[in-house]
Structure formats: C-alpha cells, structure tokens
Amino acid sequence: MSKAKVLYNNNSEKVRAFYNDHTEKFLAVYGNIIQAFRTDNVSIYLDYTIKSAQFKKGEHLLDAGCGICGPAVYFAENVSDIRIDACTISEVQAEKAKSLIKNSNQIESVFILNEDYHKIDKVYNLESYDCVYFLESFGHSNQKNMLIDACWNVLKPGGRLYIKDLFKRLSDDEWEQLRIDQICDQIDNAYQYYIPNLNEVLDKIRSKGFVLNFVKIPEVDLSTFEHLKISNDFQNLFDIGKITSWDDYIFPIDFLEIYATKPIKDNMKDMHLYFMNK
Ligand SMILES: C[S@@+](CC[C@H](N)C(=O)[O-])C[C@H]1O[C@@H](n2cnc3c(N)ncnc32)[C@H](O)[C@@H]1O
C-alpha cells in the first residue's frame, strides 16, 4: 500500500455509519448535547466550557465533530458576535443541525458542513480561526497526529486548540492496566472510538510547536456533576457498550481538558517573545 493511502485510511467511514445509525438514539437519551461528562443541568457545563476554552466576543471558532450543533448554538446564544463553523462526519446529524440552527435563529452565527474533520485545512480558510475545539469528538480519530497538523494549519497565530475528551487511565499495577486496556478496547469497539493516550497527544501538540497552557480535569462543582447516569442509561437501553459484568471492573478513563496555543511567533528562537506579546 502506498504511503498516501495509509495516511488517509482512517476510521471516518465507520464513524459516519455509526452516527447515521444511532443519532436518533443518542438524541433520545442525551438531548442536543452528546457528551458523557456533563452536569445535571447541561447549561452549567456549557457555561463552564465557554469560560474554560475562553470563547470571547467576536471570535471565529471551529467546532470539530459538532453533533447536531447543540453546543455551537448554545455558544452563539451566549457569546455575542461569535461565528462558528461546525462539521460532523454524519449527514444525518448535519441535517438535524440545519433545523436546530434555523429554529434557534442562529443562521448568521453557526454554519454546518457535513465534512471529515481530518480535512479542515482543505475545506476551511487557513490561519483564520481563534479556536478549534473538540467536545468528546477528538477520540474518534485514528489519525490524531494528522488531525493536530490540520488544526495548526487553520488556526491564526495566537489561536487555541481546545480538546475535552476521555483518555485512557494508567495504573502501575500490571493486572489493573490489563483490565483498563481490555475495557477501553470494548468501549472503542462499541463506539467506533480510539480512546486517546494522553502522553502521545501531548507529545504531538508540543512537538508541533503549540504552547501547552493546561491539562486538567474539568473543574465543575461535584454537587452539579451528572455522574455518567445518562451514559449508563444509553448503554442499557440500546445495548451499545453495555457493561455486562461488574466483576473485575475498573473505571478505565479520565475526562480531561487540553488547552494549547499556537504561538504568535512561529519560530523557536523567538519563543520567549510569545509570553511578552500575549
Ligand atoms: C460524542 S459526539 C459529540 C458531539 C458534539 N461535540 C456534542 O458535544 O454534542 C462525537 C461527534 O464527533 C463527530 N465526528 C467523529 N469523527 C469525525 C470526523 N472524522 N469528522 C467530523 N466529525 C466527526 C461525530 O459525527 C459526532 O458528531
């Protein structure tokens, strides 16, 4: 197989079929926001996202893996003058997103495309976004390095990459790690996911030249946290990724946010200037 072919041989077709088949089920249980880590009142989580990703008035954002644009519409309603380009691999989701955008009067702020996020630097203008964000969508990629390259290409100097996702947990106990790996494989198979390895993602982000601003667990007040009840309901109702035995079960993932900035000076010898120009 040629090198170019390997590069583009990603998981997108399978993800597309998965969401075309199951979006109705997701919406029935999750509503318009298809995220597992959330608060009971999901608006609290979306407000937190606005704060944490530092979405600001007048910014131009790219929502990579947007679902039916539930989050994008909320952000447009709550941050003035933002423009969000949003893409999903699923045409079923893209159609639903169009209705949601229209019904919420956000047609001048949110723009949906049925596109593969690996191709954002072919589809959208280069160096034109203040922030590219992924809300529990990055982990569907099995070409994560190429995806981070594409994000770099569409970000303005000074623009941010924001990823909220699940990452494989680590244990220094060999047996525990084996179980974590097994349970992650089951989740990957059920959801067409490739649960990211945090260290690999951070290595790529840093070697690309991004300034890593933070990695952290989303800081929501525990009393508002939803405790993954919706995800469990979804699994039990539709038999997708259902946990069949709690024997030897080990919680396999960490939910984390990564926030990184493309330096204004794209030159390693000028890196110190990044902090002066901020
Ligand atoms: C768990 S859902 C999250 C949706 C949305 N971010 C939200 O918070 O409601 C994952 C999303 O990633 C999208 N996705 C996965 N792989 C993609 C790809 N290669 N290109 C575009 N979107 C993709 C799916 O279509 C789906 O919309």
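Residues numbered from 1 in each chain as written. Predicted model: local features only at pLDDT ≥ 70, side-chain atom pairs only at ≥ 80, totals over all residues. Heavy atoms only, no water.

Engineer: How do you make sense of the site of the ligand when you look at a structure like this?
Structural biologist: In the vicinity of the ligand lie 22 residues, with Ile34, Gln35, Gly65, Gln93 and Tyr117 positioned nearest. Between the ligand and glycine 67, the relevant distance is 2.9 Å, taken from an oxygen atom to a main-chain nitrogen or oxygen of the residue. A distance of 3.1 Å is found between a nitrogen atom of the ligand and a backbone nitrogen or oxygen belonging to isoleucine 89. Here the ligand loses 98% of its free accessible area of 590 Å² to cover by the protein chains. (Near = heavy atom within 4 Å. Polar contact = N/O pair within 3.5 Å; in protein donor to acceptor, adjacent residues only side chain to side chain. Areas by Shrake-Rupley, 256 points an atom, 1.4 Å probe, with all protein chains shown as cover.)

Engineer: Help me out: how do you make sense of the packing of helix α7 (residues 144-154) against helix α9 (residues 198-208) in this one?
Structural biologist: Describing two packed helices takes the angle between their axes plus the distance from one axis to the other. Two numbers describe how α7 lies on α9: the axes approach to 10 Å, and their chain directions differ by 35 degrees. As α7 runs across α9, the sense of the crossing is right-handed. Only Val201, Lys204, Ile205 and Lys208 of α9 make contact with α7, whose side of the interface consists of Lys144, Asn145, Ile148, Asp149 and Trp152. A breakdown of the residues in the contact of α7 with α9 according to their chemical character gives four nonpolar, one polar and four charged. (Axes fitted to C-alpha atoms, helices over the stretch in contact; angles between N-to-C directions. Helix = DSSP H or I, 4+ residues; strand = E, 2+ residues; numbered from the N terminus. Left-handed = near helix turned anticlockwise from the far one by under 90°. Contact = heavy atoms within 4.5 Å. Nonpolar A, V, L, I, M, F, W, Y, C, P; charged D, E, K, R; others polar.)

Engineer: Just to check I follow, could you spell out the nonpolar core for this structure?
Structural biologist: The tendency in soluble globular proteins is for nonpolar side chains to be buried as a group. In this structure, Phe26, Phe55, Cys69, Phe75, Ile112 and Tyr133 are the most contacted members of the largest nonpolar core, which totals 59 residues. Counting residues per element, this core draws most heavily on helix α2 (residues 12-30), at seven residues. In terms of nonpolar packing, the next biggest core, distinct from the first, is built from 27 residues, Tyr129, Ile148, Ile205 and Phe210 among them. (Core = buried A, V, L, I, M, F, W, Y, C linked by side-chain atoms within 4.5 Å. Buried < 20%, exposed > 50% of the residue type's maximum accessible area, 1.4 Å probe, protein only.)

Engineer: Looking at this structure, I do not really get the sheet that holds strand β6 (residues 211-216). What am I missing?
Structural biologist: Spatial ordering of the open sheet is given by β3-β2-β1-β4-β5-β7-β6, a layout of seven strands whose pairing is mixed. Each of the sheet's edge strands pairs with one partner strand only, and the pair in question is β3 (110-114) and β6. Between one strand and the next, the sheet's axes are offset by a mean angle of 15 degrees, whatever the strand orientation. As paired strands, strand β5 (residues 155-168) and strand β7 (residues 253-261) are joined by nine bridges and run antiparallel to one another. For leucine 166, the partnering residue across the bridge sits in β7 and is phenylalanine 255. The sheet strands contacting helix α4 (residues 70-78) are β1 (60-64), β2 (83-88), β3 and β4 (129-135), and the helix crosses β4 at an angle near 140 degrees. (Pairing = 2+ DSSP bridges.)

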